[in-house]
Amino acid sequence: PYYKVKHHTQRTDHTNAEDGATFAQRFLQNDSFWGGPGSPIVFYTGAEGTGVDAIFPHSGYVMELARSLHALAIFAEMRFFGTSMPFGANQSFQLDPLHLGLLSIEQTLADYVALLASIKGARNASHSPVIAVGGSLAGSLAFWFRAKYPQAVSMALASSAPILGYPGLTSPYGWYRVSTRTFAAQGGTACPIRVRQSFAALLAEPSAAAVSKAYNTCTPIGLSSLAAAKAEIVGRATGSLASMAESAYPLASSPVAAACRSLGRTGTGLAALVPFVTRPSTCLELSQSSRGAQSHTLAPPTYAADLALLDRARPGAGAGGRYLSDRPAAPLRSGREGPHDAWYYLACTEIIHPIAA
């Protein structure tokens, strides 16, 4: 295997000296290139997702750093994600201060300090410099790790990290401005115009039946819930297109140009956004509120079409093919549904990035 799976006995609450409870925090280790005590440690500050083992294949740059620096590579798993559950798969998500309340940036950074100290102690590496690295939330964690614990971390490489993306610090329109610029650069200046026209066509459609037919909804949309259904479709399409802009490199495998080609083929009418919200030959399942029913669940996430893969496999073919996700996330009900809840909790408490369009 390219890495060894390790576990560290971690405290569930670093801020409560009277709480001696612990859990097994998972991390991945690769020492293939390490030059021994004194050589660097590259520490990936794991974040949200299905687990650190799923993050590893997307983080080749970390191993390139390890190779060039003769460094020990560590991929840490964030608490409440993957298998690093402080109270097990279900009890961890109880909505109270002593369970899900222990999911915080402060606790996560304290985990990483303790884990790093344990690794250094086991390898007689007290003088080894540490480079924290990560992307997106993991990038923010890398930055915060260095800022909060400078005695433990020598430097941080924070990639795509919205560390200034908080109210009053930066424009809330910046995120989508960059996304739009990406579509213009890779799909031509007409592409963002087509995207806007497609959204406008959907929002202007007065017929609930026409929207139901165009998007092949599993349940017909009622006139009273037409606005909610449109809003949900717009949200899913927005998320799908924006995720393509996030994954627009390297250019050879970017889905952005393929998405623009799809809009160029299908036009900018009512159904132009269909490829970005559902799979081919599959009805679109809307949330209960969009169907006119009462619901306390979150709408399932967008299906992002990997159109670039399709275009390479069948040049000139229509939208469809492989998708980045084959099923919606579990909705938030009792607070015990799993890792998606952990992200939603963080996004509503500490990771509050105002993103407007």
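The structure reproduced in this document is the subject of the present report. (Residues numbered from 1 in each chain as written. Predicted model: local features only at pLDDT ≥ 70, side-chain atom pairs only at ≥ 80, totals over all residues. Heavy atoms only, no water.)

### Quick look at the overall build of the chain
Helix and strand content of the chain: 11 helices and 6 strands. Carbon and sulfur atoms provide 57% of the accessible area of the chain, an area that totals close to 17100 Å². (Helix = DSSP H or I, 4+ residues; strand = E, 2+ residues; numbered from the N terminus. Areas by Shrake-Rupley, 256 points an atom, 1.4 Å probe, with all protein chains shown as cover.)

### Remarks on the sheet that holds strand S3 (residues 41-45)
One open sheet accounts for 6 strands, arranged S1-S2-S4-S3-S5-S6; its pairing is mixed. Since the sheet does not close on itself, it has two edges, and those belong to strand S1 (4-11) and strand S6 (155-159), each with one partner. Adjacent strand axes in the sheet meet at a mean angle of 25° when their direction is disregarded. Against the sheet, helix H3 (residues 105-122) engages S1, strand S2 (22-30), S3, strand S4 (72-76) and strand S5 (130-135), with an angle of about 120° to S1. (Pairing = 2+ DSSP bridges. Axes fitted to C-alpha atoms, helices over the stretch in contact; angles between N-to-C directions. Contact = heavy atoms within 4.5 Å.)

### A closer look at the state of the cysteines
With the rule as written, the count across this model stands at 2 disulfides. Within the chain, bonded cysteines paired by disulfides and numbered along the sequence follow the pattern 1-3, 2-4. (Disulfide = S-S within 2.5 Å.)

### Some words on the environment of Ser 243
Turning to its location among the elements, Ser 243 is positioned in helix H8 (residues 226-246). Since its relative accessible area comes to 18%, Ser 243 is described here as buried. A polar side-chain atom of Ser 243 sits 2.7 Å from the main-chain carbonyl oxygen of Ser 240. (Buried < 20%, exposed > 50% of the residue type's maximum accessible area, 1.4 Å probe, protein only. Polar contact = N/O pair within 3.5 Å; in protein donor to acceptor, adjacent residues only side chain to side chain.)

### Regarding the nonpolar core
Residues Phe 43, Phe 75, Met 78, Leu 141, Trp 144 and Phe 145 are the most contacted members of the largest nonpolar core, which totals 55 residues. If one sorts the elements of this core by residue count, H3 sits on top with 7 residues. When neighbours within four sequence positions are excluded, Phe 145 is seen to be in contact with Phe 43, Thr 45, Leu 109, Tyr 112, Val 113, Leu 116, Ala 132, Pro 150 and Val 153. Counting 29 residues, the second largest nonpolar core, distinct from the first, contains Ala 208, Ile 221, Leu 241 and Ala 272. (Core = buried A, V, L, I, M, F, W, Y, C linked by side-chain atoms within 4.5 Å.)

### Describing helix H9 (residues 255-266)
Here H9 spans 17 Å end to end across 12 residues, near enough to the 16 Å set by a 1.5 Å rise per residue. Within the span of H9, buried status applies to Pro 255, Val 256, Ala 257, Ala 258, Ala 259, Cys 260, Ser 262 and Leu 263. Near the N-terminus of H9, the side chain that reaches the backbone nitrogen of Val 256, with its oxygen 3.2 Å away, is that of Ser 254. (Expected span 1.5 Å × (residues − 1).)

### A closer look at the pairing of S3
Across the 5 residues of S3, 5 count as buried, placing the element largely inside the fold. A two-sided burial pattern is seen for S3, the buried positions comprising Ile 41, Phe 43 and Thr 45 on one face and Val 42 and Tyr 44 on the other. Pairing of S3 with S4, which is carried by 5 bridges, proceeds in the parallel orientation. Following the sheet pairing, Ile 41 is matched in S4 by Leu 72. In terms of strand pairing, S3 meets S5 through 4 bridges, oriented parallel. Bridge pairing links Ile 41 to Val 130 in S5.

### With respect to the pattern of salt bridges
What the rule picks out here adds up to 5 salt bridges. Among the salt bridges present, the one from Arg 123 reaches Asp 31, with a minimum N-O distance of 3.0 Å. Remark: Asp 31 occurs in the loop between S2 and S3 and Arg 123 occurs in the loop between H3 and S5; sequence separation between them is 92 residues. We note a salt bridge from Arg 236 to Glu 232, for which the minimum N-O separation is 2.6 Å. Of the two residues, Arg 236 and Glu 232 both sit in helix H8, 4 residues apart, roughly one turn of that helix. Accessibility classification places Arg 236 together with Glu 232 in one group, the buried group. Among the charged side chains, a salt-bridge network with shared partners connects Arg 26, Asp 53 and Glu 77. (Salt bridge = Lys/Arg side-chain N within 4 Å of Asp/Glu carboxyl O.)

### Points about the side chain of Lys 230
With respect to the helices and strands, Lys 230 occurs in helix H8. If sequence neighbours within four positions are ignored, Lys 230 has contacts with Leu 202, Leu 203, Ala 204, Glu 205 and Val 211.

### A closer look at the packing of aromatic side chains
On inspection of all chains with the given rule, the structure shows 10 aromatic pairs. Between Tyr 2 and Phe 56, the aromatic rings sit 5.9 Å apart at their centres with planes inclined by 75°, giving edge-to-face as the arrangement. Linking Tyr 2 in the segment before S1 with Phe 56 in the loop between helix H1 (52-55) and helix H2 (60-69), this pair joins segments that are 54 residues apart in sequence. Classification of Tyr 2 by relative accessible area gives partly exposed; the value is 44%. Note on Phe 43 and Phe 145: the rings are 5.7 Å apart at their centroids and 55° apart in plane angle, and the pair reads as tilted. Remark: Phe 145 occurs in helix H4 (residues 137-148) and Phe 43 occurs in strand S3; sequence separation between them is 102 residues. (Phe/Tyr/Trp six-rings, centres within 6.5 Å; stacked < 30°, edge-to-face > 60°.)

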